Amino acid sequence: MISKYDRKLQKVNHFAINACLAPVCAMHGLSVTTVEGIGSTKTKLHPVQERMAKAHGSQCGFCTPGIVMSMYTLLRNHPKPTMKDLEIAFQGNLCRCTGYRPIIEGYKTFTVDWEIMQNATALANGNGVACGMGDKCCKLQNGCKEYDKNEDEALFKPREFVPNDPTQEPIFPPELKLYDTLDKQNLVFKGKYVKWYRPTQLDELLELKQKHPDAKIVVGNTEIGVEVKFKHLEYPIRIQPTLVSEMTDVVLSEHGIKIGAALSLQNVEDFLREQISIQPKYKTRIFTATVQMLHWFAGRQIRNVAAIGGNVMTGSPISDLNQIFVASKTELELQSKRNGCRKVIMNANFFTGYRQNIVNKDEVLISITIPFTKENQYFYAYKQARRRDDDTAIVNSAVNVEFENHSDIIKSIHLAFGGMAPTTVTAPKTSKLLTGKPWNRETLDLAYKSIIEDLPLPPSAPGGMIQFRRALTLSFFFRAFLAISEELQRTLPEIKIEEKDLSAITGFLDKIPKSSQYFQVLPTQEKINTIGQPILHASAFKQATGEAVYCDDIPPMINELYMGFVLSAKAHANILSIDPSEALQMEGVHAFFSAKDLPEDRNKIGKTDDEVVFVAKTVTSQGQILGVVIADDQAKAQKAARTVKVTYEELQPFIISIDDAINHKSYFTGFNNPKVIEKGDVDKVFETAPHIVEGESRNGAQEHFYLETQCVLVVPKNEDDELEVFCSTQYPTSMSKLISHALNIPQNRVITKVKRIGGGFGGKEHRSAIVAIPAALAASRLKRPIRCMLDRDEDILMTGGRHPFYVKYKAAFNDDGRILGCETYLYNNGGYANDLSEFVMERAVFHFENTYKIPNVRVVGYVCKTNLPSNVAMRGFGAPQSMLASEFMVRRIAEYLNKDIVDVCRLNLYRDGDITHYNQKLEYCPIERCWDECMVSSNFYTRQKEVDKYNRENRWKKRGISIVPTKYGIGFSRIHLNQAGALIHIYTDGSVLLTHGGAEMGQGLHTKMLQIASTVLGIPISKIYISETSTDKVPNTSPTAASFSSDINGMAVMNACEIINQRLEPYKKVNPKGKWEEWISAAYFDRVSLSTTGFYKSPCSGYDWKTNSGDVYLYYTCGVACSEVEIDCLTGDHQVLRTDIVMDVGESMNPAIDVGQIEGAFMQGYGMYMLEELLYGPDGTIYTRGPGAYKLPGFNNIPLEFNVSFLKGAPNPRAVYSSKV
Ligand SMILES: Cc1cc2nc3c(=O)[nH]c(=O)nc-3n(C[C@H](O)[C@H](O)[C@H](O)COP(=O)(O)OP(=O)(O)OC[C@H]3O[C@@H](n4cnc5c(N)ncnc54)[C@H](O)[C@@H]3O)c2cc1C
Ligand code: FES
């Protein structure tokens, strides 16, 4: 948060900003507050931090400080915000773990809306202050029911929150308020590479620009910052104009409002809003359209700093303001020292090419005048992006129409579009054609044809989606047509629009999000037993205060160096040469390592031939590692890495998609590929079955987008080859093993440690190795600590994601819709290395039938080898992709038979005791109960009728409701991985140090292990501490994956604690009323070991592919979700209105954590199916290498109503404390 004193208004303003885009020079004279500055676990938590933690809004915690600071800033500006304020404040924040619901629930308690609801609840309960309206009081109408919950069944108790007291906030530094010295300084900062000027007068600015015509004018740095970091552009002279009054003033004239070009978008919005509230409505139609557009422009953090002038001057073809300014013929004031002032109208001629315009190099944009509208003039602007909040437009448009007085005859019309060409463009032919025509359907038809001609888009246009973009231009015009017709019909009765059409111009529902969580807290007699209680994530407070230490937070070591990567730029090529000589001559560069530095048999990721550490001869994907540069710091290492010259000889073919792989028969070898399971007599069923359908399903790749990218710090011990590896990994044992293999040192010298990781989702199971091994090599050779944390673009390029799948199915069924047999072929895109692709395919093959019983099965899974980054484990591990196909299949069957989908699904559901196609008996697998409960809790049939009614009444918005079951096998299909260890030390003061084999990545694993240890030992959690996961404490661990870690590690922890209990038994007998510390002391003095290991192996028999027998999984967990969605038929946009989930988690060990996992997983699945898409070019280039292009679900994507309930009375005797997952 930055705070600034506004001397005109004598007010301190606070702004949440993106730290990574804030140049330190621009902070001069401002006060900067970070999450550490507002509260701490050592002193006092700020209520914003406390509520985040107590509402279970922090899982891995990597996003938490950012969200805390957005909320804190909001409260500093508005101590009683509304829910709308909250929504806007979080537009620029992302979380990959939580599903946002708990954050909203926790922070809702700061809002006026919540206070109103609280009062309503009190009124309803008869203990509030009644208003004159009695039971018709609006507070009572507005949802008091939601808050009338039994707090014992709630995940958190708002009444325990510390009240927010704005008077306790730190004061704004008085010296910044009292003296304007810092504001008035004409500054020059001189760095080695950049000179930063901050003039205070326009003359000085113009003189500087004349002297340095290539200088950049920096205001928000939201374009320049991105260009410097990611496009590696160098701008040696930068000028900050924010103190030049002509560029920040706002002046009202009779024509419109003149806005200084350096004014932030937020300030622009505030000024326009003020004018909208005081001017006659008709005059401010362009202002209204601009304000509405600004709501969808980036996030609040960007709008707080980005300037209106920066947007115009950047001239992006998808700028969200330029189409408004072009359509409205906004006036720009330009000035230069040489030619003085000139005014230009922003029209089609303003932009001369991609991000180019008519402004001379020595000119500065001083102001922008947005005109008032006339009474008979209308203005509308629209934008469609992949994600509504904080996303750049696919297409945007503005329509400016003036009518002849008191008529519907078009006097003039101007249209402008973004996203349809390399610049913002107009539709000149359409404007000419429509002028003089009446505003009616015939004119609309003419407009459609003409717009299509005005806006040709070649099939190869950058950005793709050609048909969709062209359709959007028409949809937007139609929307403007209806919106203007609606306004005109008030004065011109001959203009009529049908009620049904109105849905084209109404937005989606704008309701306060609601949620509920139903779970059972099991009664307990024991005071200590926390099993089943919604206790807090063990690190929640530390995460909310910024004290939690992630890998890159480890303070720099003496002598530490940084590692930068040289990556392959080709998808398939021979490497002719790699020349690091220029890099090695650069200041601060210490070494370059490549394949030459490892013997061939050590240059491997593990012992297989699947993947090498450094590619030496032939690259088979972009992003493969050719070498690493070791330098003093990140900037030097990355800059030097960019100078390493690599020459290639391109090879053919480029196999990118699954279709390419099928055409080239490009499948991995070295294992049974394809994976085949056959049960029953499929061929016979297809000969005799009454009905057969065929179909296919496809899904693209999904990026893990853990908020903490891959990170490692390797510290050489300089004795006996010892290495200490701090790594953000889900699989510490594997890191040690792979490093030990590459460096040819015993595994006992490589100790890998993980304190916590900022999200993994499968992406840090094996892929952490590609960063850890080169760092370990450099550390051992240079005998200096080596650090590396990937930038987001590197991470996306190097590490792969969820496998795309292509599935072809053929199903046989009877007249009722009962499935008799199925033949399914699955293909996944493994990328260049098999890695885990084989196992992902195994799970896909085991889950292809989802929850449906199919007696005769042939399922075949091919793992495709392509020239893409290696795709790896990701949450669900192949199951979500193949289960999708089975859902398509049952729906296809229902459609074919003209039956209700719900009936066909229900008919085919597995029953407890049924046998799967891989011959495992389903036990404790209550799919039918989950289904039936979800049908009831979602009120399915009633809502289905309401949906039908809505669809009959609305032409352009449609709703749909659907219910989907899932079943998921728990455990590793590789039998040896189903084991875990724990280590417990008890010290003489009674404190307990617990270690187990799992890594904490936000899923609350440590918290559950603490609950188990505390319950078994009978001591409070506060006496037990988990410091880290480390291979020197618990060896030979399995990856923290497969939804199995709390089961196996929990049993190992339980085993260790029971051993300790046995040892303490004699001392408890002697002193039954004694305290824990007394028993420990007695045992110690009696020379009893107070340290032990624990171990567990699951009783699974394992699966035999040859005989199709044996148990693959220890147990199953299942769940059913019902979602209702609204779709905008004009744009394809959608909103999830409500989701109800019934999940079987056995007897939940910690409902808060389990609800959080369910909600987070739902949102990740929603992202996978609805929003996220990794896009590749035909040459294997990934186009979506960061949050600008790859869209995760945001706060605004969660279902408006989100209900999660646990299936009651479904204990799981196969796992720790009868829980599941
Ligand atoms: C996360 C993120 C989200 C974004 N979302 C959107 C979005 O939804 N819609 C959208 O349209 N844009 C978006 N942008 C782009 C960007 O925020 C805007 O273009 C913004 O208005 C740029 O303003 P700035 O002050 O930050 O520009 P800066 O980066 O400071 O400058 C940008 C350029 O303009 C030139 N310039 C600036 N002012 C002047 C002047 N007065 N005279 C001459 N030249 C000048 C500079 O020299 C520089 O070349 C986004 C950017 C980011 C990082
Ligand atoms: S808790 Fe938000 S990203 Fe992990």
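Residues numbered from 1 in each chain as written. Chains lettered and ligands numbered in written order. Predicted model: local features only at pLDDT ≥ 70, side-chain atom pairs only at ≥ 80, totals over all residues. Heavy atoms only, no water.

- Where an unreviewed UniProt entry is consulted, the chain appears under the name xanthine dehydrogenase, with the organism given as Ignelater luminosus.
- Turning to the chain, the UniProt record has this under Sequence similarities (unreviewed entry): "Belongs to the xanthine dehydrogenase family."
- What the UniProt record of the chain gives under Subunit (unreviewed entry) is the line "Homodimer." (UniProt positions renumbered as here; feature names shortened; annotations may be inferred.)

**Structural notes on the sheet that holds strand β40 (residues 1091-1097)**
Alright, step 1. Here 4 strands make up an open sheet; going across it, the order is β38-β37-β36-β40 and the pairing mixed. The sheet is open, and its two edges are formed by β38 (1024-1026) and β40, each paired on a single side. With direction set aside, neighbouring strand axes in the sheet form an average angle of 25°.
Alright, step 2. Relative to strand β37 (residues 992-996), strand β36 (residues 979-986) is paired through 5 bridges, and the arrangement is antiparallel. In the strand pairing of β37, Ile986 is matched with Val992.
Alright, step 3. Contacts from helix α34 (residues 1045-1070) reach β36, β37 and β40, with the element oriented near 140° to β40. (Pairing = 2+ DSSP bridges. Helix = DSSP H or I, 4+ residues; strand = E, 2+ residues; numbered from the N terminus. Axes fitted to C-alpha atoms, helices over the stretch in contact; angles between N-to-C directions. Contact = heavy atoms within 4.5 Å.)

**Quick notes on the UniProt feature "binding site: [2Fe-2S] cluster 1" (unreviewed entry) in the chain**
Alright, step 1. Cross-referencing UniProt, the feature "binding site: [2Fe-2S] cluster 1" (unreviewed entry) maps to Cys20 in the present numbering.
Alright, step 2. Mapped onto the secondary structure, Cys20 falls in the loop between β2 (11-15) and β3 (31-32).
Alright, step 3. Residue Cys20 is classed as exposed on the basis of its relative accessible area, which comes to 71%. (Buried < 20%, exposed > 50% of the residue type's maximum accessible area, 1.4 Å probe, protein only.)

**Observations regarding unusual backbone geometry**
Alright, step 1. Residue Pro653 follows Gln652 across a cis peptide bond; omega there is 0°.
Alright, step 2. Locating Pro653 in the fold gives a position in the loop between β25 (645-650) and α23 (658-664).
Alright, step 3. Pro674 follows Asn673 through a cis peptide bond whose omega is 15°.
Alright, step 4. Note that Pro674 resides in the loop between α23 and β26 (675-679).
Alright, step 5. Although it is not a glycine, Asn898 sits at a positive phi angle of roughly 55°.
Alright, step 6. Assignment of secondary structure puts Asn898 in the loop between α29 (879-897) and α30 (901-908).
Alright, step 7. According to the relative accessible area criterion, Asn898 is exposed, its value standing at 72%.

**A closer look at the site of ligand 1**
Alright, step 1. Around ligand 1, the structure places 27 residues, and the nearest of them are Gly220, Thr222, Glu223, Ala307 and Asp320.
Alright, step 2. Here Asp320 contributes a side-chain N or O atom positioned 2.8 Å from a nitrogen atom of ligand 1.
Alright, step 3. One nitrogen or oxygen atom from the main chain of Leu365 is found 2.9 Å from a nitrogen atom belonging to ligand 1.
Alright, step 4. Protein coverage of the free-state accessible area of ligand 1, which is 990 Å², stands at 89%.
Alright, step 5. Elements with a contribution of two residues or more to the shell around ligand 1: β6 (216-217), α15 (308-314) and β14 (364-371).
Alright, step 6. With 4 residues, the single largest contributor to the shell around ligand 1 is α15.
Alright, step 7. Looking at the shell around ligand 1, its residues break down into 15 nonpolar, 7 polar and 5 charged. (Near = heavy atom within 4 Å. Polar contact = N/O pair within 3.5 Å; in protein donor to acceptor, adjacent residues only side chain to side chain. Areas by Shrake-Rupley, 256 points an atom, 1.4 Å probe, with all protein chains shown as cover. Nonpolar A, V, L, I, M, F, W, Y, C, P; charged D, E, K, R; others polar.)

**Regarding a negative patch on the surface**
Alright, step 1. The grouping of Glu719, Asp720, Asp721 and Glu722 at the surface amounts to a negative patch.
Alright, step 2. By secondary structure assignment, the location of Asp720 is in the loop between β28 (711-716) and β29 (723-727). (Patch = residues over 30% accessible without salt bridge, like charges linked within 9 Å, V, L, I, M, F, W, Y side chains within 5 Å. Salt bridge = Lys/Arg side-chain N within 4 Å of Asp/Glu carboxyl O. Lys, Arg positive; Asp, Glu negative; His and termini not counted. Charge placed at Lys NZ, Arg CZ, Asp CG, Glu CD.)

**Comments concerning the pairing of strand β22 (residues 589-594)**
Alright, step 1. Counting buried residues along β22, 5 of its 6 residues qualify, which places the element largely inside the surrounding structure.
Alright, step 2. Two strands pair when backbone bridges link them, and β22 and strand β24 (residues 625-631) are joined in this way by 5 bridges, in the antiparallel orientation. Its bridge partner being in β24, Val589 is matched across the sheet by Ala631.

**Quick word on the packing of helix α1 (residues 47-54) against helix α4 (residues 101-108)**
Alright, step 1. Taken N-terminus to C-terminus, the directions of α1 and α4 make an angle of 135°; their axes are 8 Å apart at the nearest point. For the element pair α1 / α4, the angle class is oblique. Note that α1 runs across α4; the crossing there is right-handed. Counting all contacts with α1, which are made through Val48, Arg51 and Met52, the residues of α4 involved are Ile103, Gly106 and Tyr107.
Alright, step 2. In terms of residue class, the contact of α1 with α4 is made up of 4 nonpolar, 1 polar and 1 charged. (Parallel < 35°, antiparallel > 145°, perpendicular 65-115°, else oblique. Left-handed = near helix turned anticlockwise from the far one by under 90°.)

**Side note on the environment of Leu94**
Alright, step 1. For Leu94, the location among the structural elements is in the loop between α3 (83-89) and α4.
Alright, step 2. For Leu94 and Lys1191, which are 1097 residues apart along the polypeptide, the C-alpha to C-alpha distance reads 9.9 Å.
Alright, step 3. The contact partners of Leu94, leaving out residues within four places of it in the chain, are Cys63, Ile67, Tyr100, Arg387, Leu707, Leu1192, Pro1193 and Gly1194.

**Notes on the pattern of salt bridges**
Alright, step 1. Taken as a whole and judged by the stated rule, the model has 66 salt bridges.
Alright, step 2. For Glu487, the salt bridge goes to Arg285, with nearest N and O atoms at 3.8 Å. With Glu487 in helix α19 (residues 466-488) and Arg285 in helix α13 (residues 285-295), this pair connects stretches of sequence that are 202 residues apart. Across the pair, exposure class does not vary: Glu487 and Arg285 are buried alike.
Alright, step 3. The shortest N-O distance in the salt bridge between Lys1033 and Asp1032 comes to 3.4 Å.
Alright, step 4. Taken together, the salt bridges that share partners define one network made up of Lys717, Glu724, Lys753, Glu1028, Asp1032 and Lys1033.

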